[in-house]
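A structural walkthrough
Each chain, written out:
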Amino acid sequence: MPDPMMYQQDDFVVLEPNQQEQFLTANELLEKLKVVLAHNQHKLPQELQTFSSIEEQASYLINTSCELVLEPGQYLQWYAVRLEK
């Protein structure tokens with residue numbers, strides 16, 4: 001039986017064009033996504049436009065995706081990582 005710890009998503013590595021990789025907690029990633037979404041509401045994919053708040057959009061992305069592409073060459077990728085044994 002798999003260890004439930006394998007499915008925890010407490011830490012993420014975040015990748016952006018022309019930036020160093022960043023290690024963020026789940027809350028930090030949520031806040032980062034909220035900022036990106038707030039500044040790019042006019043560029044969002046159709047599926048995100050159905051949510052009534054930026055908080056809902058960000059939570060949906062964390063739970064269902066690992067990438068947000070706003071336009072060619074402008075994206076944000078995140079992957080769950082385990083930082084401790």
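Above this text is the structure in question.
One structure accompanies this document, and this report is about it. The shown structure was predicted, so the numbers you read here are calculated from the model rather than taken from an experiment. (Residues numbered from 1 in each chain as written. Predicted model: local features only at pLDDT ≥ 70, side-chain atom pairs only at ≥ 80, totals over all residues. Heavy atoms only, no water.)

1. So, the overall build of the protein chain
Where we set the bar: Secondary structure counts use DSSP, requiring at least four H or I residues in a row for a helix and at least two E residues in a row for a strand, with both numbered from the N terminus. When a residue's accessible area, from a 1.4 Å probe over protein chains only, is under 20% of the maximum for its type it is buried; when over 50% it is exposed; and in between it is partly exposed. Throughout, a residue-residue contact means that at least one pair of heavy atoms, one from each residue, lies within 4.5 Å. Computed by Shrake-Rupley with a 1.4 Å probe, the accessible areas treat only the displayed protein chains as cover when residues are assessed.
Tallying secondary structure elements over the protein chain gives 3 helices and 4 strands in all. Helices (α) and strands (β) of the protein chain occur, in sequence order from the N terminus, as β-β-α-α-α-β-β. Taking all 85 residues of the protein chain together, the buried fraction comes to 26%. Taking the contacts inside the protein chain whose residues are at least 6 apart along the sequence as the reference set, 47% of them involve residues at least 24 apart. Total accessible area on the protein chain is roughly 6,000 Å²; 51% of this is exposed by carbon and sulfur atoms.

2. Considerations on the nonpolar core
Rules: We call a set of buried Ala, Val, Leu, Ile, Met, Phe, Trp, Tyr and Cys residues a nonpolar core when their side-chain atoms join them within 4.5 Å.
Membership of the largest hydrophobic core comes to 17 residues, with the highest contact counts inside it found for Leu29, Leu33, Leu37, Leu61, Leu68 and Trp78. Other than its neighbours up to four places away in sequence, Leu37 contacts Leu44, Leu48, Ile54, Gln57, Ala58, Leu61 and Leu68.

3. Some points on the sheet that holds strand β2 (residues 22–25)
Here is the rule we go by: Pairing between two strands requires that DSSP report at least two bridges joining them. Axis definition: a line fitted to C-alpha atoms, limited for helices to the stretch in contact. Angles are taken between N-to-C directions and run from 0 to 180 degrees.
Taken in spatial order, the 4 strands line up as β2-β1-β4-β3 in an open sheet, and their pairing is antiparallel. The sheet is open, and its two borders are formed by β2 and β3 (67–71), each paired with just one other strand. Ignoring which end each strand starts from, the neighbouring axes of this sheet average 25° apart. In terms of strand pairing, β3 meets strand β4 (residues 74–81) through 4 bridges, oriented antiparallel. Residue Glu71 lies in a different strand from β4, and its bridge partner there is Gln74.

4. What about helix α1 (residues 26–39)?
Our working definition: Any helix carries an expected span of 1.5 Å times its number of residues minus one. Here the arc refers to the set of directions running from the helix axis out to each C-beta atom.
Look at α1: 20 Å from first C-alpha to last across 14 residues, which is about the 20 Å you get at 1.5 Å a residue. Of all the positions in α1, only Leu29, Leu30, Leu33, Val36 and Leu37 are classed as buried. Seen end-on, α1 carries its buried residues on one side only, within an arc spanning 130°. Exposed and oriented more than 90 degrees from the buried face of α1 are Asn27 and His39. As for α1, its buried residues are in contact with β1 (11–15), β2, α2 (46–49), α3 (54–64), β3 and β4.

5. Regarding the pattern of salt bridges
Condition: What makes a salt bridge here is a side-chain nitrogen of Lys or Arg within 4 Å of a carboxyl oxygen of Asp or Glu, nothing more.
Enumeration over the complete set of coordinates arrives at 4 salt bridges. Put simply, Lys34 and Glu31 hold a salt bridge, and the shortest N to O gap is 3.2 Å. A residue pair is termed a helical-turn pair when its members lie 3 or 4 positions apart in one helix, as Lys34 and Glu31 do in helix α1 at 3 residues. The shortest N-O distance in the salt bridge between Lys43 and Glu71 comes to 3.1 Å. Taken together, the positions of Lys43 in the loop between α1 and α2 and Glu71 in strand β3 put the pair 28 residues apart, joining distant regions of the chain.

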